[in-house]
Amino acid sequence: MVRTIPVVFMALMLMSPALALAGPAEDANAAVDRWSAAYNSNDPETIAKNYCPDAILLGTVSPVMSEGTQAIITYFTPIKGTGNKNAIDERRTITINDNAVQVAGFYTFTRMVDGKAIPGPSRFTMLATKRGGEWCIAHHHSSPHVLPKN
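This report concerns the structure included in the present document. (Residues numbered from 1 in each chain as written. Predicted model: local features only at pLDDT ≥ 70, side-chain atom pairs only at ≥ 80, totals over all residues. Heavy atoms only, no water.)

**Thoughts on the side chain of Thr108**
Here's step 1: Inspection of the secondary structure puts Thr108 in strand β4 (residues 100-113).
Here's step 2: For Thr108, the side chain forms a polar contact with the side chain of Asp89, separated by 2.6 Å.
Here's step 3: If sequence neighbours within four positions are ignored, Thr108 has contacts with Lys85, Asn86, Ala87, Asp89, Pro119, Gly120 and Pro121. (Helix = DSSP H or I, 4+ residues; strand = E, 2+ residues; numbered from the N terminus. Polar contact = N/O pair within 3.5 Å; in protein donor to acceptor, adjacent residues only side chain to side chain. Contact = heavy atoms within 4.5 Å.)

In structure tokens form, the structure reads like this:
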């Protein structure tokens, strides 16, 4: 038993750096991934929970800024129960500080139109901020991705 204690202690010491590797960039990217999963639920309230209460959304298909939780719910209401999906294709992350991270990239929305899946390549930027110990999206801009001509 006495020999077991040093072995267990050493194992815990070796494992502890792995726990410390998560930082602002990883946490912010996890928030972006939660947003994508929430979008895939097609539930506007679930999607809106990923945004800060005073967030600003410049939606892919919106002519106006959606500011705050209720406006964001309203923006996403048309996708309720549609089966639309989102997949993040590529991203870059810039850590501003321990409480703010900018994520930019490309994602594909797949919209169901007359029972057919129609891909909508888009690009995005999100500013994720840490508030009260939780990460939320403070700003989100999305627009169609202009693909190169062949």
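Next comes the rest of the description.
**What to know about the packing of aromatic side chains**
Here's step 1: Scanning the entire structure with this criterion turns up nine aromatic pairs.
Here's step 2: Ring centres of Trp35 and Tyr107 lie 5.7 Å apart, and the angle between their planes is 20 degrees; on these two criteria the pair is classed as stacked. Of this pair, Trp35 sits in helix α2 (residues 24-41) while Tyr107 sits in strand β4; the two residues are 72 residues apart in sequence, bridging distant segments of the chain.
Here's step 3: Put simply, the rings of Trp35, Tyr39, Tyr51, Tyr75, Phe76, Tyr107, Phe109 and Phe124 pair up and form one aromatic cluster. (Phe/Tyr/Trp six-rings, centres within 6.5 Å; stacked < 30°, edge-to-face > 60°.)

**Quick look at the environment of Ile56**
Here's step 1: By the secondary structure assignment, Ile56 is in strand β1 (residues 51-58).
Here's step 2: Along the sequence, Ile56 and Ile137 sit 81 residues apart, while their C-alpha atoms lie 8.7 Å from each other.
Here's step 3: Setting aside chain neighbours within four positions, we find Ile56 in contact with Met65, Ser66, Glu67, Ala138, His139 and His140.

**A short note on the sheet that holds strand β3 (residues 85-97)**
Here's step 1: Strand order in the open sheet made by the six strands is β2-β1-β6-β5-β4-β3, with mixed pairing throughout. Of all strands in the sheet, those bounded by a partner on one side alone are β2 (66-67) and β3.
Here's step 2: Taken together, the ten bridges between strand β5 (residues 116-131) and strand β6 (residues 134-144) define a ladder with antiparallel strand orientation. Of the residues in β6, the one forming a bridge with Met126 is His140.
Here's step 3: Packed onto the sheet, α2 meets β1, β3, β4, β5 and β6 and runs at close to 155 degrees relative to β3.
Here's step 4: Those strands touched by helix α4 (residues 69-76) are β1 and β2, and its axis lies near 50 degrees from that of β1. (Pairing = 2+ DSSP bridges. Axes fitted to C-alpha atoms, helices over the stretch in contact; angles between N-to-C directions.)

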